[in-house]
Amino acid sequence: PALVVESQEQAIEVILNDTLKPGMALVIRYEGPKGGPGMQEMLYPTSFVKGKGIGKQVAMLTDGRYSGGSSGLAIGHIAPEAANKGPIALIKNGDIINIDIPNRTVNVELTDEQLEQRRIELEAGDGYVAHRDRKVSQALKAYAAFARSADKGATRDPELINKLSGLA
């Protein structure tokens, strides 16, 4: 079952206060290129899970990134990210996440109809957009406005830049 948090900070909180239990999948969203902004490294959550002794008993999924120092079942760079209304934005607490490592798949046990209803709610503004008090520089705000998805390198989107500057 999923335990959904909206930031790395919330992830640390649920790990340290023992809300995250063995057998759960911790979904850390709004940490991708736009949502972070800038793809924070999730080393703290993986370190705290390991320190709690549950590193081999939980899964962690994020639209952020992991470093080579992370261990355990840590799935990162999920794209499209939550800030782009990707599927990770549609997951709710208690949803069942199926992870099949040999076949390299991650799926949530929801019907297409359930996912579509959640997408409608998200796009209507009743969704799960992160609201947090994170200090972000002007440079990172500009990056977030033009960032491409992690699967496209998390680089600035030249097409979007050209379109907005009138060069397209």
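Residues numbered from 1 in each chain as written. Predicted model: local features only at pLDDT ≥ 70, side-chain atom pairs only at ≥ 80, totals over all residues. Heavy atoms only, no water.

> Which residues make up a nonpolar patch on the surface, and what values do they have?
On the surface, a nonpolar cluster with roughly 300 Å² of combined accessible area is contributed by Leu 16, Tyr 44 and Phe 48. For Tyr 44, the position within the fold is in helix H2 (residues 43–51). Using a relative accessible area of 53% as the deciding quantity, one classes Tyr 44 as exposed. (Patch = residues over 30% accessible without salt bridge, like charges linked within 9 Å, V, L, I, M, F, W, Y side chains within 5 Å. Areas by Shrake-Rupley, 256 points an atom, 1.4 Å probe, with all protein chains shown as cover. Salt bridge = Lys/Arg side-chain N within 4 Å of Asp/Glu carboxyl O. Helix = DSSP H or I, 4+ residues; strand = E, 2+ residues; numbered from the N terminus. Buried < 20%, exposed > 50% of the residue type's maximum accessible area, 1.4 Å probe, protein only.)

> Give a description of the packing of aromatic side chains that names residues and reports values.
Under the criterion given, the structure shown has one aromatic pair. On the numbers, 6.3 Å between centres and 20 degrees between planes, the contact of Tyr 44 with Phe 48 is stacked. Residue Tyr 44 and its partner Phe 48 are located together in helix H2, separated by four residues, close to a single helical turn. (Phe/Tyr/Trp six-rings, centres within 6.5 Å; stacked < 30°, edge-to-face > 60°.)

> If you had to explain the pairing of strand E5 (residues 97–100) to someone new, which residues and values would you point to?
Both E5 and strand E6 (residues 105–108) contribute to a ladder of four bridges, which runs antiparallel. Within the sheet, the bridge partner assigned to Ile 97 lies in E6 and is Val 108. Taking the residues between adjacent antiparallel strands as the criterion, E5 and E6 are bridged by four residues, where Arg 104 takes a positive phi near 55 degrees. (Pairing = 2+ DSSP bridges.)

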